Each structure stands twice: as C-alpha cells, then as structure tokens.
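Each chain is listed here by its residues.
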Amino acid sequence: MSNARRQIDTARRYLTGLRALPATDAGYDQLRAFFENCWHVKDYAKADLDESLHGAFEKAAGSSIYLMIAADVANRSKHVV
C-alpha cells in the first residue's frame, strides 16, 4: 500500500470520528485534524511519484479549489495572528 493510500485512510478515519462528535472543542479539534490529514495526502502522493512529475503534480494540486480550501483550514491554526 502506498503512503498516500495510508494517508487517505487516516483522513477517512478522522472524518468518521468527526461525524460522531457534537460541536464542542473536541469536535473542532477533530475537524481541524481531518483537514490537516487531507492536506497531508498531497505531500504523501507527491512523495510516491517520480521526481520528474513533481512540478506537474504541484501545478495540478494548486489548481484544485477543494485542496486549497483544505490547505487554508489545515494551516489556519499555524498561521493565524
């Protein structure tokens, strides 16, 4: 199993856990963890590719509105002022 596939499975587990939680601090933490894990899928998928494909992969990933939303949510706690 590829690293990217394992990371997708991790993100799915966080999503499953999120659905079971109410809107509390624990639910917020689970939501943030879900988006962080979604964002990490990109890094693992890129690492699974031949290096010659990295540029095209980054361009495609950067054009995905869904992936950019996941990045914004995932990085919010790290970059918020």
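For the structure itself, look to the data block above.
It should be emphasised that the depicted structure is a prediction, and the values quoted were computed from it without experimental measurement.

Caption draft 1: Expanded view of the packing of helix H1 (residues 3-19) against helix H2 (residues 25-48). H2 packs onto H1 with a crossing angle of 170° between their chain directions and a minimal axis gap of 8 Å. In terms of orientation, H1 and H2 fall into the roughly antiparallel class. Both H1 and H2 take part in a crossing whose hand is left-handed. For the pair formed by H1 and H2, the contact residues are Asn3, Ala4, Gln7, Ile8, Thr10, Ala11, Arg13, Tyr14, Leu15, Gly17 and Leu18 on the first element and Gly27, Gln30, Leu31, Ala33, Phe34, Asn37, Cys38, His40, Val41, Tyr44, Ala45 and Asp48 on the second.

Caption draft 2: Summary view of the side chain of Asn37. The topology assignment puts Asn37 in helix H2. Dropping the residues within four chain positions of it, Asn37 is found in contact with Gln7, Thr10, Ala11 and Tyr14.

Caption draft 3: Focus on the pattern of salt bridges. Tallying each qualifying case throughout the model produces five salt bridges. Notably, a salt bridge pairs Arg32 with Glu36, separated by 3.4 Å at the nearest N-O pair. You can see Arg32 and its partner Glu36 sitting in helix H2, four residues apart, about one turn around the helix. Its relative accessible area of 25% is what places Glu36 among the partly exposed residues. A salt bridge links Asp43 to Lys42; the shortest N-O distance between them is 3.4 Å. Taken together, the shared-partner salt bridges in this structure form one network comprising Lys42, Asp43, Lys46 and Glu58.

Caption draft 4: Looking closely at the packing of aromatic side chains. This model, assessed by the stated rule, comprises one aromatic pair. For the pair Phe34 and Phe35, a centre-to-centre distance of 5.2 Å together with 70° between the ring planes defines the contact as edge-to-face.

Calculation notes
One numbering rule holds for all chains: residues counted from 1, following each sequence as written. Per-residue local features are limited, in this predicted model, to residues with pLDDT of at least 70; the limit for side-chain atom pairs, both in listing and counting, is 80 or more; totals at the level of whole chains, interfaces and linings are taken over all residues. The basis for the side-chain values is all heavy atoms of the structure; hydrogens and waters are excluded. Structural elements are reduced to axes, namely lines fitted to C-alpha atoms, with helices fitted over the stretch in contact, and the angle between N-to-C directions of any two is expressed from 0 to 180 degrees. Secondary structure elements follow DSSP: runs of H or I no shorter than four residues count as helices, runs of E no shorter than two count as strands, and numbering proceeds from the N terminus. Oblique is the label for any angle not under 35 degrees, not over 145, and not in the 65 to 115 range, which are roughly parallel, roughly antiparallel and roughly perpendicular in turn. Handedness of a crossing is defined here by the sense of rotation of the near helix relative to the far one, left-handed for an anticlockwise turn of less than a right angle and right-handed for a clockwise turn. Pairs of residues are marked as contacts when any of their non-hydrogen atoms sit within 4.5 Å. A pair is scored as a salt bridge if a Lys or Arg side-chain nitrogen falls within 4 Å of a carboxyl oxygen belonging to Asp or Glu. Only protein chains enter the accessibility calculation, which uses a 1.4 Å probe. A residue is then buried if its area is under 20% of the maximum for its type, exposed if over 50%, and partly exposed in between. Two aromatic rings, drawn from Phe, Tyr or Trp (for Trp, its six-membered ring), form a pair once their centres lie within 6.5 Å of each other, and the interplanar angle then sorts them: stacked below 30 degrees, edge-to-face above 60, tilted otherwise.

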